[in-house]
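Here is what each chain is made of, one letter per residue.
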Amino acid sequence: MSTFQRARRRLRAHPFALDAALAAGVLVCIVAGSLVEPHGPDGVTWTLRTPDALSLVLMALGAAALVLRRRAPLAVLAFTGGVSLVESVTGDPRAPVAMCVVVALYTVASTTDRPTAWRVGLLTMTVLTGAAMIAGPLPWYAQENLAILAWTGIGATAGDAVRSRRAFVQAIRERAERAERTREEEARRRVAEERLRIARDLHDVVAHHIALVNVQAGVAAHVMDKRPDQAKEALAHVREASRSALGELRATVGLLRQSGDPEAPTEPASGLDRLDDLAGTFRNAGLHVLVAREDQRPEHAPALPAAVDLAAYRVIQEALTNVQKHAGTGARAEVSVVRVGPHLEVTVLDDGTGAGRPEAPASAPATASVRTGDRDGGGHGLLGMRERVTALRGTLTTGPRYGGGFRVHAILPVETRTSAAQDGS
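Figured I'd write up the structure that's included with this text. (Residues numbered from 1 in each chain as written. Predicted model: local features only at pLDDT ≥ 70, side-chain atom pairs only at ≥ 80, totals over all residues. Heavy atoms only, no water.)

**Here we look at the overall build of the protein chain**
Okay, so step 1: Counting its secondary structure elements, the protein chain contains 13 helices and seven strands.
Okay, so step 2: Taking all 425 residues of the protein chain together, the buried fraction comes to 38%.
Okay, so step 3: Taking contacts inside the protein chain between residues at least 6 apart in sequence as the whole, the part at least 24 apart equals 67%.
Okay, so step 4: About 24000 Å² of surface is accessible on the protein chain, with carbon and sulfur atoms providing 61% of the total. (Helix = DSSP H or I, 4+ residues; strand = E, 2+ residues; numbered from the N terminus. Buried < 20%, exposed > 50% of the residue type's maximum accessible area, 1.4 Å probe, protein only. Contact = heavy atoms within 4.5 Å. Areas by Shrake-Rupley, 256 points an atom, 1.4 Å probe, with all protein chains shown as cover.)

As structure tokens, this is what we get:
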């Protein structure tokens, strides 16, 4: 920090001392100006004439009032204006007491609004100049009278310019602070959205595969003594489900790796192209799953975006996981994937009642009421599906079916905001 900046900061910290120094400087300038003879035989000359007592008193009072210019700017302007008015009428030769008015008018203009500054400035110029021209000892066209008009106008204009600059700088500072707050809020929002997206992916992967492992492990424990071959088959399905869970977890957690790592995947590998494998895992767990697809892309139609493909797969995965967990033994599920114009419709139906699960673990829900309550409020499955669909500007409808069972219906737009922006670019 330079010496000038340190001195400036010190003066700003003590405004009263700064105003006192300004008042002393103005007094010195007024006294020096009173020694100038503007109408000498050889033009403007310096003389050693001594101002009269009244002029000295008026100069001292006008300069002393400037010490309070920050605390009461309008009162100081009125006082210095009255002192200058008396001097302009009685002083002969005249002392430049109007310099105090210029400083006071500058202070008023720089601390108030523009309409007030202009009104006060015009009033001050009119009163002082008019009084000097009409009642002063000099002719009305004397340059001293015109100087009062010019200097008071300069004081008002300079003060208004300073006020405008301060307001402009303050506006820029507030805009920068607001932009900084907006950037921080946007960064926090994106972090929250990313955490929520990763949480959804982890929930979908873990809930699906752990549910299958739970069912197969229960089957293996039930038939271990009487049918060891069937128990071995169930344990093989447990191993396969565990391997698939680890693979999908590795892909999902890989999203958290640094973007510069070439081995880091950009999206999970799941999609509708793996729908048959997904249905096969549930069939191996004993759930009857029927898949009907009519989502082939028509000619010249846009391809299915990766976000929509992943969301549709996750909705089906979570819906079938809920059927496996809550629908009961012997339940049947129907999966329908249909492309209708600019939308992809995904429907998962089941006819389960939630009752009678002799081979399921005892900790699993067993009634239709528990099943519906878990979907609507106790778990995160429906919430995750709804968040995925809503993020793509789609709609999700869930609820019990008439006569028993549950229905999940999602409508996803084929053209998402991301894909539309990419096509437009």
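**Some remarks on the pattern of salt bridges**
Okay, so step 1: Tallied over the full model, the rule gives four salt bridges.
Okay, so step 2: One salt bridge connects glutamate 186 with arginine 189, and the closest N-O pair in it is separated by 2.4 Å. With a gap of three residues between them, glutamate 186 and arginine 189 both fall in helix H7 (residues 143-223), about one helical turn apart.
Okay, so step 3: Each of Arg114, Asp160 and Arg163 takes part in one network of salt bridges that share partners. (Salt bridge = Lys/Arg side-chain N within 4 Å of Asp/Glu carboxyl O.)

**Brief notes about the sheet that holds strand E4 (residues 332-340)**
Okay, so step 1: Reading across from one edge, E3-E4-E5-E7-E6 is the order of the five strands in this open sheet, with mixed pairing throughout. Looking along the sheet, the strands with just one partner apiece sit at the ends: strand E3 (288-294) and strand E6 (395-400). Sheet twist, expressed as the average angle between the axes of neighbouring strands with direction ignored, equals 10°.
Okay, so step 2: In the sheet, strand E5 (residues 343-350) pairs with strand E7 (residues 406-413) via eight bridges, with the strands oriented antiparallel. In the strand pairing of E7, valine 346 is matched with alanine 410.
Okay, so step 3: The strands that helix H10 (residues 306-326) touches are E3, E4, E5 and E7; relative to E5, the one it contacts most, it runs at about 10°. (Pairing = 2+ DSSP bridges. Axes fitted to C-alpha atoms, helices over the stretch in contact; angles between N-to-C directions.)

**Description of helix H6 (residues 114-135)**
Okay, so step 1: The terminal C-alpha atoms of H6 lie 31 Å apart, and with 22 residues this matches the ideal 32 Å at 1.5 Å per residue to within 8%.
Okay, so step 2: Along H6, the residues that are buried comprise Thr116, Ala117, Val120, Gly121, Thr124, Met125, Leu128, Thr129, Ala131 and Ala132. All buried residues of H6 lie within an arc of 160° about the axis, which places them on one face of the element. In this structure, H6 carries Arg119, Leu123, Thr126 and Ile134 as exposed residues pointing more than 90 degrees from its buried face. (Expected span 1.5 Å × (residues − 1). Arc of directions from axis to C-beta.)

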